[in-house]
Amino acid sequence: VKASGGWGFINRSGTMVIRPGYSDVKGFSEGLACVSVEGKWGYIDTTGSFRLEPQFDDASAFVGHVAYVEDGGQAGYIDQKGAYIWQSEK
């Protein structure tokens, strides 16, 4: 949900569960959501705590425990700890 402080998350009942504060968000997948802060993407868990700090130029949802990310001239797939499984130049 978007509010004056940025994007946040509500549950199915409409209760705010993660306060607005992100410049952009993508939905939750495998317990993590992509969130953008000051132009960089990272991942938060369902409590709103960062699991991977904002560091990527772009990021996608986790599917099969891997996610596609872009950072500078590099692109690749990371695991949920942020380690690259596969990486190459864009």
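None of the values given here were measured: they were computed from a predicted structure.

Cut-offs applied
- Residues numbered from 1 in each chain as written.
- Predicted model: local features only at pLDDT ≥ 70, side-chain atom pairs only at ≥ 80, totals over all residues.
- Heavy atoms only, no water.
- Helix = DSSP H or I, 4+ residues; strand = E, 2+ residues; numbered from the N terminus.
- Rg over C-alpha atoms; globule rule 2.2 N^0.38 Å.
- Buried < 20%, exposed > 50% of the residue type's maximum accessible area, 1.4 Å probe, protein only.
- Contact = heavy atoms within 4.5 Å.
- Pairing = 2+ DSSP bridges.
- Patch = residues over 30% accessible without salt bridge, like charges linked within 9 Å, V, L, I, M, F, W, Y side chains within 5 Å.
- Areas by Shrake-Rupley, 256 points an atom, 1.4 Å probe, with all protein chains shown as cover.
- Salt bridge = Lys/Arg side-chain N within 4 Å of Asp/Glu carboxyl O.

Engineer: So what exactly am I meant to see when it comes to the overall build of the protein here?
Structural biologist: On a plain count of helices and strands, the protein comes out with zero helices and 11 strands. Listed N to C, the secondary structure of the protein is β-β-β-β-β-β-β-β-β-β-β in terms of helices and strands. Whereas a compact globule of 90 residues would reach a radius of gyration of roughly 12 Å, the protein reaches 13 Å, a difference of no more than 12%. Dimensions of the protein along its principal axes, counting C-alpha atoms only, are 40 × 25 × 15 Å. Expressed as a percentage of the 90 residues in the protein, the buried residues total 30%. Excluding contacts between residues fewer than 6 apart, the proportion of contacts in the protein whose partners are at least 24 apart in sequence is 18%.

Engineer: Can you walk me through the sheet that holds strand β1 (residues 2-3) in this structure?
Structural biologist: The strands making up a sheet associate through hydrogen bonds between their backbones, and the pairing can be parallel or antiparallel. Taken in spatial order, the three strands of this open sheet run β1-β2-β3, and their pairing is antiparallel. This sheet does not close on itself; its edge strands, each paired only once, are β1 and β3 (16-22). Bridge count for β1 against strand β2 (residues 6-10) is two bridges, and the pairing is antiparallel. Considered in β2, the bridge of K2 is made with W7.

Engineer: What exactly am I supposed to notice about the sheet that holds strand β11 (residues 84-89) here?
Structural biologist: The strand order β8-β9-β10-β11 describes an open sheet built from four strands, whose pairing is antiparallel. The open sheet terminates on both sides in strands that have one partner only, identified here as β8 (58-59) and β11. Here strand β10 (residues 74-79) runs beside β11; their pairing, made up of five bridges, is antiparallel. The residue bridging Y77 from the neighbouring strand is W86, located in β11.

Engineer: How should a nonpolar patch on the surface be read in this particular structure?
Structural biologist: A contiguous nonpolar patch, built from V1, I10 and M16 and spanning about 240 Å² of accessible area, is present on the exposed surface. Considering the arrangement of structural elements, one finds I10 in strand β2.

Engineer: Please explain the pattern of salt bridges as it appears in this structure.
Structural biologist: A side chain of one charge can pair with a side chain of the opposite charge if their charged atoms are brought near each other. Under the counting rule described, the total for this entry stands at three salt bridges. Between K26 and D58 there is a salt bridge, with the nearest N and O atoms lying 3.1 Å from each other. A residue pair is termed long-range when its members are at least 10 positions apart, and K26 in strand β4 (residues 24-29) and D58 in strand β8 qualify at 32 residues. Residue K26 is classed as partly exposed on the basis of its relative accessible area, which comes to 29%. A single network of salt bridges, built from pairs that share partners, joins K40, D57 and D71.

Engineer: Quick question: what am I supposed to make of the environment of T15 here?
Structural biologist: Among the secondary structure elements, T15 is positioned in the loop between β2 and β3. What T15 contacts, discounting residues up to four positions off in sequence, is F9 and I10.

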